[in-house]
Amino acid sequence: MKLPKIYEPGQYETDIYALWEKSKAFAPTGEGKRFSIVVPPPNANGNLHIGHALTLGLEDIAIRYHRLKGDQALLLPGADHAGFETQVVYEKQLAKEGKSRFDFSREELYKQIWDFVAQNRENFEGQIRRLGASVDWNHYTFTIDEKIVKRAYATFKKMWEEGLIYRGKRIVNFCTFHGTSFADIEVAHKGEKGKLYYIAFPLADKSGEVVVATARPETVVGQAGLMVNPEDKRYKHLIGAIVNQPLIPDAPIKIVASDKVDSTFGTGIVTITPGHSAVDYEVAHEHGLPVVELITHEGKLSGAVPQAFRGLTVKEARHVVAEALDKAGHLRKVEDYTHTIGVCYKCGTVIEPLLREQWFVDMQPLANRATSSLRAGEIAFYPESKKDQLINYLENLRDWNISRQIAWGIPIPAFQNVDDPDDWIYDERIGQEIIEVDDKTYRRDPDVFDTWFSSSSWPYATLDFPDSEDFKDFYPLSLMETGGEILYPWVSRMIMLGLYVTDEIPFKAVYIHGYVMAEDGTKMSKSIGNVINPLEVIDKYGSDALRMGIIASRVPAVNRGYDHRKVEDARNFCNKLWNIARYVEDKVGDRTKVGELEPKTTADHWVLNKLQQTTEVISANLDNYRFAEAYDALYHFVWDDFADWYIEASKAEPNLPLLAFCLESILKLAHPFAPFLTETIWQTLAWEGNSLLATNRWPEIPGADKKLDGQFEAVKTIVAEVRFIVKAIGVRDANLKFADEPLLSENAELIKQLAHIKGVTEATEQNGVMLTQSPYKAWLEIDEKAIQKYLDELAAKRDAAETTIGQLKARLMNKSYVENAPKHIVDQTKQNLAEAETLLANIEQEQKRFTAGNR
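Thresholds applied
- Residues numbered from 1 in each chain as written.
- Predicted model: local features only at pLDDT ≥ 70, side-chain atom pairs only at ≥ 80, totals over all residues.
- Heavy atoms only, no water.
- Helix = DSSP H or I, 4+ residues; strand = E, 2+ residues; numbered from the N terminus.
- Rg over C-alpha atoms; globule rule 2.2 N^0.38 Å.
- Buried < 20%, exposed > 50% of the residue type's maximum accessible area, 1.4 Å probe, protein only.
- Contact = heavy atoms within 4.5 Å.
- Areas by Shrake-Rupley, 256 points an atom, 1.4 Å probe, with all protein chains shown as cover.
- Pairing = 2+ DSSP bridges.
- Axes fitted to C-alpha atoms, helices over the stretch in contact; angles between N-to-C directions.
- Phe/Tyr/Trp six-rings, centres within 6.5 Å; stacked < 30°, edge-to-face > 60°.
- Salt bridge = Lys/Arg side-chain N within 4 Å of Asp/Glu carboxyl O.
- Polar contact = N/O pair within 3.5 Å; in protein donor to acceptor, adjacent residues only side chain to side chain.
- Disulfide = S-S within 2.5 Å.

J.: For the overall build of the protein chain, give the residues involved together with the corresponding values.
T.: Counting its regular elements, the protein chain contains 25 helices and 30 strands. Taken against the 2.2 N^0.38 rule, which gives 29 Å for 855 residues, the C-alpha radius of gyration of the protein chain at 36 Å runs more than 25% over that of a compact globule. If you line up the protein chain on its principal axes, its C-alpha atoms span 115 × 80 × 55 Å. By residue count, 53% of the 855 residues in the protein chain fall in the buried class. Within the protein chain, contacts between residues at least 6 apart in sequence are counted, and of these 76% link residues at least 24 apart. For the protein chain, the accessible area works out to roughly 38500 Å², and carbon and sulfur atoms hold 48% of it.

Rendered as structure tokens:
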């Protein structure tokens, strides 16, 4: 079958992917080494975005490369139930229907969300196919599949039995809008312009007052104490003193010392609110101070505050309490204050630190082991700097709150004795709210696991390690490729849990990619309207153009804007490769055999050497996950070397076996980057029979004569200069003459073909424009009138350049201009002068080339 004139990706991509699936091309086969990647599971609640296109593109390039290398390559797909995020998405849908989560029981809400996610799955999987990811669909995994749930329970039980899991009432990050807690890593932070209130606390002995600065005056109505830094000379004499609370005179509190106080903040004296600050909770515990819970889980002031303030929201209470303090004469001043606050990353509600009984994981033993593994270099990082960042994070890790107060997720398998709140048991009968054990009644914990807890088992749970005989040798994974935003919440936990559960590192290497930003470098946002839909890009340019365009010039961990020009350039590359294939197929015809590979001409030897070098460069780059560099090497070989030089050279003396070999080698090299295009072309190659490119082998390039290779480089130099001269003067009927030069004589027809000139012949007498870039004595015979016309044009350009230089120099010699003009204007003038002087030098060089003494 011959290729049509135009490549239209949409006509082929669906059929090509179906062909791969039907042929079971994505299953790991063979006897080579095992190479495995598990796709970071995208959230199952929506469509794939441009970041997923980058993730799947990078992973698929690596997988297809290793598959072609003969490795048993495995790319496992999956989806993340994304507990909190999916429930939020579904709640928004309920809101549009005039409903809320409170209209349903926990079980009803769970079932509805399950149905919602199931409806999205077919669409979700179709998008992965459109992106060309060669995933093993037979082992698709969902993070609430039975095997993942069992693994989460087994891990929880192991930690329970070994004392790493504990239940305690501690300060947690709580979103009062969504009614759930978060781990520290999940809290978003933003700057907020607020007020700093300076409040007077009278000393109980009536000897004066102390002034405290706080951004939260609403908490003043129930403090446990005040604290100062023990080294602060201003307040050493007040340590142990008693003060009265401004609006609660019958509740005196004590001033204590703590090195946790920043003496430079406000007045150097701060309040102690142990029910709403992890630091204050620790201080209160050290000094035996009472722990008062001033704010409820609904974000309102509790019954622990004076009657006048109960039931007010935090925002309302801030204003009302400040007014009361002012009216009572305790508010000394208010000033503007900008500080950083924690907010819910989905709704923006200010996170309240609240006391709550939750399940926690003691992270120190896990973090210590992970840190030791990282320091020992057991996991490679791309870039290397991410390893140090991760070590620093692990060294400062606090215990992990794994309880979430939502319906959608994996229920925590823990039950509480209804008669003894301290009696908890592990039991997996989570389908029952009440169970009986040893004549005792236990009630199921209503919470679910933090999604990161279950997904931390992703590398080994997806492979059923160590139980599965099929995949156990694919663990540890060869590569974990993911975005930098989940280095701490996910990558760190996969390492810790992997070492804890399997006693092995979960992956040998981690590749971190940066964000795909908007074209102007800002973050993509639906509200701004600058989000790029990858499927729309595919509709316009094709899947291969998207994946090549999005990896072009991209380096690990660096955020880069989406650039439609790179996608267009990749589309043009696809068209170029298509046209190359059309040319070669036209020359080779319908032959099922094209003969023995044998380089004959200097161009043949040159292209084989170039192909060998390119194959080695691409291999080395992909072995080290330098995706952009590998693509760049492929691009320039195909476009610059093969298309621009070899194909043109082959027209002088075609070598069909070599043309066919080069095409099939290029298709193999390009396949990881452009799988749809290359497979489409491959299926039309008569000499390849019914083979499949996706499961073929990486090219092996035979050596060629390096001396003849060098001769073609010399020919290229001559041709490039001839092309330049002919284009500059604007003539067509030029003749290249040379004096007794064997290389030129042997390659005369080739030079004529490549340079597109009238002829290449030997001569004894020089009469034309000398070539200056080549060591060979050769010149171009060109009509004298054409040369003179060009010299006249150069003279005019020289005059203009000299005039410009004179004007710019005069401007810069003007002291008033240099001293008074804006610096960027003066700098631009200097830049303009440098450019004008460079232009003049080039013009003078050209004039010398064409003057009578050089002709």
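After that view of the structure, there is still more to cover.
J.: I'd like a description of the sheet that holds strand β11 (residues 248-257), backed by residues and values.
T.: The strand order across the open sheet built from four strands is β10-β11-β9-β12, with neighbouring strands paired in mixed fashion. Looking at strand neighbours, the two that pair on one side only are β10 (242-245) and β12 (269-272), the edges of this open sheet. Taken over all neighbouring pairs, the strand axes of this sheet differ in orientation by 35 degrees on average, direction set aside. Relative to β11, β10 runs antiparallel, the two sharing four bridges. Looking at the pairing, isoleucine 242 lines up with lysine 254 of β11.

J.: Explain the packing of aromatic side chains to me, and be specific about the residues and the numbers.
T.: Two measures describe an aromatic ring pair: the distance that separates the ring centres and the angle between the ring planes. Enumeration according to the criterion identifies 44 aromatic pairs in this entry. Between phenylalanine 84 and phenylalanine 182 the ring centres are 4.9 Å apart and the planes differ by 75 degrees, which places this aromatic pair in the edge-to-face class. Of this pair, phenylalanine 84 sits in helix α3 (residues 83-96) while phenylalanine 182 sits in strand β6 (residues 180-182), placing them 98 residues apart in sequence. Overall, the relative accessible area of 2% leaves phenylalanine 182 in the buried class.

J.: Go over the pattern of salt bridges, please, and point to the residues and values.
T.: In the structure shown here, the tally under the stated rule is 39 salt bridges. Between aspartate 115 and lysine 111 there is a salt bridge; the shortest N-O distance is 3.3 Å. You can see aspartate 115 and its partner lysine 111 sitting in helix α4 (residues 106-130), four residues apart, about one turn around the helix. Look at lysine 111 and you get exposed, because its relative accessible area is 53%. Note that arginine 404 and aspartate 450 form a salt bridge whose closest N and O atoms lie 3.2 Å from each other. Placement of arginine 404 in strand β17 (residues 403-404) and of aspartate 450 in the loop between β22 (448-449) and α10 (451-455) is noted, with a sequence separation of 46 residues between them. On the accessibility criterion, aspartate 450 (2% relative accessible area) is buried. One network of salt bridges, with partners in common, ties together Arg216, Glu218, Arg318 and Glu352.

J.: So, the environment of threonine 522: which residues are in play, and what are the values?
T.: Looking at the secondary structure, you find threonine 522 in the loop between β25 (516-517) and α13 (534-541). Classification of threonine 522 by relative accessible area gives partly exposed; the value is 36%. Linking threonine 522 and asparagine 559, residues 37 residues apart in sequence, is a C-alpha distance of 9.8 Å. Within the structure, threonine 522 has its side chain in polar contact with the side chain of aspartate 520 (distance 2.6 Å).

J.: So what's going on with the state of the cysteines? Which residues, and what values?
T.: Taken as a whole and assessed by the stated rule, the structure comprises zero disulfides. Of all cysteine sulfurs in the structure, the one in cysteine 347 sits closest to cysteine 175, which takes part in no disulfide; the separation is 3.7 Å. Under the relative-accessibility criterion, cysteine 175 is labelled buried at 0%. Here cysteine 347 is not cross-linked by a disulfide; its sulfur's nearest cysteine counterpart is in cysteine 344, at 3.6 Å. Among the residues examined, cysteine 347 registers a relative accessible area of 32% and is labelled partly exposed.

J.: Tell me about the sheet that holds strand β16 (residues 400-401), and please be specific about residues and values.
T.: Spatially, the four strands line up as an open sheet ordered β6-β5-β14-β16, and their pairing is antiparallel. Because the sheet does not close on itself, it has two edges, and the strands there are β6 and β16.

J.: Got a sec to walk through the environment of alanine 204? Specific residues and values, please.
T.: Counting through the fold element by element, alanine 204 comes out in the loop between β7 (188-202) and β8 (209-214). It is 8.1 Å that separates the C-alpha atoms of alanine 204 and alanine 241, two residues lying 37 residues apart in sequence. In contact with alanine 204, not counting residues within four places along its chain, are Ile242, Val243 and Asn244.

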